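Report on the structure
Below, each chain spelled out in residue letters.
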Amino acid sequence: MPDRIHMPQIEKREKRKEGTGAGRMANLELLRCVAMLMVVALHYLGKGELLPELTDSGMGTMGIAAWLMESFCIVAVNVYMFISGYFLCTSSFKPSRLAQLWLQIWTYSVAFGLIGALTGVLREEVFDIHYLLTVLFPVTMGHYWFMTAYVFLYLLLPFVGAAVKKMSKQQLRLSLALLLAVFCIVKSVLPVRLEMDALGYDCLWYLCVFLAAAYVRRFGIPFLEKKGRGLLLYLGGCLLVFGGTFVLREIYLRTGGLGSRIKMCLEYNHALPFLAAVGLFGAFSRLRVQGRTARIVNGLAPYTLGVYLLHENIGLRYSWQEWLGAGQLAEEMARGTGGFAGIARLLVGTMAAVLAVFVCGVLADMARKRIFGGLHRILLRAGFYRRLTEKIERADALFREA
C-alpha cells in the first residue's frame, strides 16, 4: 500500500486562514503575479537589448546591474510552472479546460499577430507563410514556447496525475531524483553543451518541475517549513547564479575558454535557478495574505496568463520594449554612463515598463473573458453548440470518475 497522502503545513495554514479549502490560496496567487512580473522583466531586459554581451570586457555598472536583475528574475518560469504543478497534481484532467486554454492561446495569437503585421510594428519577423502558420497554429508551431510545453504537459496529466497519486513517497522521491539527475544535475556540472539539452525550453523539463511540485504537495519539504529558509534559498541561489555567470565570464576573458557555457547558470534547467525557484515558492508558502489584499490578488491572478500571451505575441514581442523606453536606456548604457544614477534609471525604467505591460495584459484578458462569456451565452441558443458543450461536459465527467 502507498503511503498515506500527507497535506503539507503550508496548505493546512491556508485552509485555517480562509476557513475553507475550496478557495484560492492567496499567497501562491500573489506568487503567480510576481512570477509573471519577473517574466516581463526578463523580456524587457533581453529583447530590449539591455543585457550587454558577457564576452564584452568593457561592461559598465549599468550592464552589471542589468545582469543582476536578470539573475534574480530567472526563476520566473520555473516558479510559474511549479505553482501550476502544485495545483494540477490533485486535479482531474478536464477536456473543457484544454479547449478553453487552446481557444485563449489561439485568440491572442491570431488577433495580436495580425494587428502587429497590419500596423507595421513587426521587428525581426517577416510577414510570410511561416508567420501565418505560426499565428494560426500557435501550439504546434511553437508561437509561445511555454504554452506549447504547458499544453503537452496538460495532455499528459491523465497519465502523470494518476501515477503521482498512487506512488509512495519513496517511489516518487526516487523517480524525481533520477529525472533531475538526467535533465538538471548532470548539465549543471559539465563544462560542455549536451546535444539533447533544450535548456529548459521543453515539456520534459516541465514534467520534472511538475513532479517536484507534486512531491511538495503530497509530502512537503521539512527544510522549507522553517521560517526564512525559503527566502535564503532563493536569495542564495540567485546570487550564485549571478556570481557563477561572472566567474565563467572572467574565465572566458582570461583564457578564451568556456564561451559556449558562459550562460549555463542562467538556463532554466540548471540546478541553481531550479533551487532558487523552490526557495521562492517556500518563502511565499509562509506568507499571510488576507482580507481585501487577498481578494484583490485572487481577482488578478487568473488574468496573468493573458499578460504573457499579449506581450510575447509574435507581432509585438520585439516592439513594446522600444515603446517603453528600452532604447534610451540601451543608448545610455552604450555611452558608458552609469554610477548610482544610471542604475537607478535602469531600475525605475524597468519597473515602470513591467508594471505597464502587466496592467495592459490584465485589462486585455479581462476584456477577452467578458467577450467570451457573452459569446458563450449567445451560442448556447444554437443547438450544435449546446450539444458540443454537453459532450465536453460528459468528457469531463469521465475523468472525474476515474
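Structure shown above.
Below is a summary of the structure that appears in this document. Values in this document were obtained by computation on a predicted structure and should not be read as measured data.

With respect to unusual backbone geometry
Even without being a glycine, Leu199 presents a positive backbone phi close to 65°. Residue placement: Leu199 occurs in the loop between α9 (169-189) and α10 (203-219). The class for Leu199 is partly exposed, based on a relative accessible area of 24%. Backbone geometry at Leu258 places phi at a positive 60°, although glycine is not the residue there.

Some points on the pattern of salt bridges
Inspection of the entire model under this criterion finds 11 salt bridges. Close ionic contact of Glu29 with Arg32 constitutes a salt bridge, the shortest N to O distance being 2.9 Å. With Glu29 and Arg32 both in helix α2 (residues 26-47) and three residues apart, this pair spans about one turn of that helix. Arg32 matches Glu29 in its accessibility class, with the two residues each being buried. One salt bridge in this structure joins Glu332 and Arg345, with 2.4 Å as the shortest N-O distance. Of the two residues, Glu332 is situated in helix α17 (residues 326-334) and Arg345 in helix α18 (residues 339-379); the sequence distance between them amounts to 13 residues. Among the charged side chains, a salt-bridge network with shared partners connects Lys187, Arg193, Asp197, Arg261 and Glu267.

Notes on the packing of aromatic side chains
This model, assessed by the stated rule, comprises 23 aromatic pairs. Consider the rings of Phe93 and Phe399, whose centres lie 4.8 Å apart with planes at 75°: the pair is edge-to-face. Of this pair, Phe93 sits in the loop between α4 (76-88) and α5 (95-118) while Phe399 sits in helix α19 (residues 383-401), and the two are 306 residues apart along the sequence. Among the residues examined, Phe93 registers a relative accessible area of 10% and is labelled buried. Through pairs of rings, three or more aromatic residues link up here, namely Tyr80, Tyr144, Trp145, Phe146, Tyr150, Tyr201, Tyr206, Tyr268 and Tyr308. For the cation-ring pair, Arg32 lies above Tyr80, with the distance from its terminal atom to the ring centre recorded as 5.8 Å. We note Lys47 situated over the ring of Tyr318; from NZ or CZ to the ring centre the distance is 5.5 Å.

Some details on the packing of α4 against helix α7 (residues 145-155)
Viewed as axis vectors pointing N to C, α4 and α7 meet at an angle of 20°, and their least axial separation amounts to 12 Å. Accordingly, the angle class assigned to the pair α4 and α7 is roughly parallel. Relative to α7, α4 is oriented so that their crossing is right-handed. On α7, the residues touching Val77, Tyr80, Met81, Ser84 and Leu88 of α4 are Trp145, Phe146, Tyr150, Leu153 and Tyr154. Tallied by class, the residues present in the contact of α4 with α7 amount to nine nonpolar, one polar and no charged.

Considering the nonpolar core
Formed by 109 residues in total, the largest nonpolar core has its most connected members in Val75 and Met147. Sort the elements by how many residues they give to this core and α10 lands first, with 13 residues. Beyond its immediate sequence surroundings of up to four residues, Val75 is in contact with Met38, Tyr234, Cys238, Pro273, Ala276, Ala277 and Leu280. Membership of the second largest hydrophobic core comes to five residues, among which are Val110, Tyr131, Val135 and Ile314.

Quick notes on a negative patch on the surface
A cluster of like negative charges, contributed by Glu49, Glu124, Glu322 and Glu331, occupies part of the molecular surface. Within the fold, Glu331 resides in helix α17.

Side note on a nonpolar patch on the surface
There is a patch of nonpolar side chains on the surface, built from Leu114, Leu118, Phe127, Ile129, Leu132, Leu133, Leu136, Phe137 and Met141 and spanning about 830 Å² of accessible area. At the level of elements, α5 and α6 (129-136) are the ones that each hand at least two residues to the nonpolar patch. With four residues, the top contributor of residues to the nonpolar patch is α6. Along the polypeptide, Phe127 turns up in the loop between α5 and α6.

Description of the side chain of Gln104
Of note, Gln104 is situated in helix α5. Apart from residues lying up to four places away in sequence, Gln104 is in contact with Leu305, Gly306, Leu309, Asp365 and Arg368.

Comments concerning the packing of α2 against helix α3 (residues 61-73)
Two packed helices can be described by the angle between their axes and the distance between those axes. One way to put it is that α2 packs onto α3 with a least axis distance of 9 Å and a crossing angle of 145°. α2 and α3 meet at a crossing whose hand is left-handed. Contact with α2, carried on its side by Met38, Ala41, Leu42 and Leu45, involves Ala66, Met69, Glu70, Phe72 and Cys73 of α3 and no other residues of that element. Residue composition of the contact of α2 with α3, by class: eight nonpolar, no polar and one charged.

The rules behind these values
Residues numbered from 1 in each chain as written. Predicted model: local features only at pLDDT ≥ 70, side-chain atom pairs only at ≥ 80, totals over all residues. Heavy atoms only, no water. Helix = DSSP H or I, 4+ residues; strand = E, 2+ residues; numbered from the N terminus. Buried < 20%, exposed > 50% of the residue type's maximum accessible area, 1.4 Å probe, protein only. Salt bridge = Lys/Arg side-chain N within 4 Å of Asp/Glu carboxyl O. Phe/Tyr/Trp six-rings, centres within 6.5 Å; stacked < 30°, edge-to-face > 60°. Lys NZ or Arg CZ within 6 Å of the ring centre and 35° of its normal. Axes fitted to C-alpha atoms, helices over the stretch in contact; angles between N-to-C directions. Parallel < 35°, antiparallel > 145°, perpendicular 65-115°, else oblique. Left-handed = near helix turned anticlockwise from the far one by under 90°. Contact = heavy atoms within 4.5 Å. Nonpolar A, V, L, I, M, F, W, Y, C, P; charged D, E, K, R; others polar. Core = buried A, V, L, I, M, F, W, Y, C linked by side-chain atoms within 4.5 Å. Patch = residues over 30% accessible without salt bridge, like charges linked within 9 Å, V, L, I, M, F, W, Y side chains within 5 Å. Areas by Shrake-Rupley, 256 points an atom, 1.4 Å probe, with all protein chains shown as cover. Lys, Arg positive; Asp, Glu negative; His and termini not counted. Charge placed at Lys NZ, Arg CZ, Asp CG, Glu CD.

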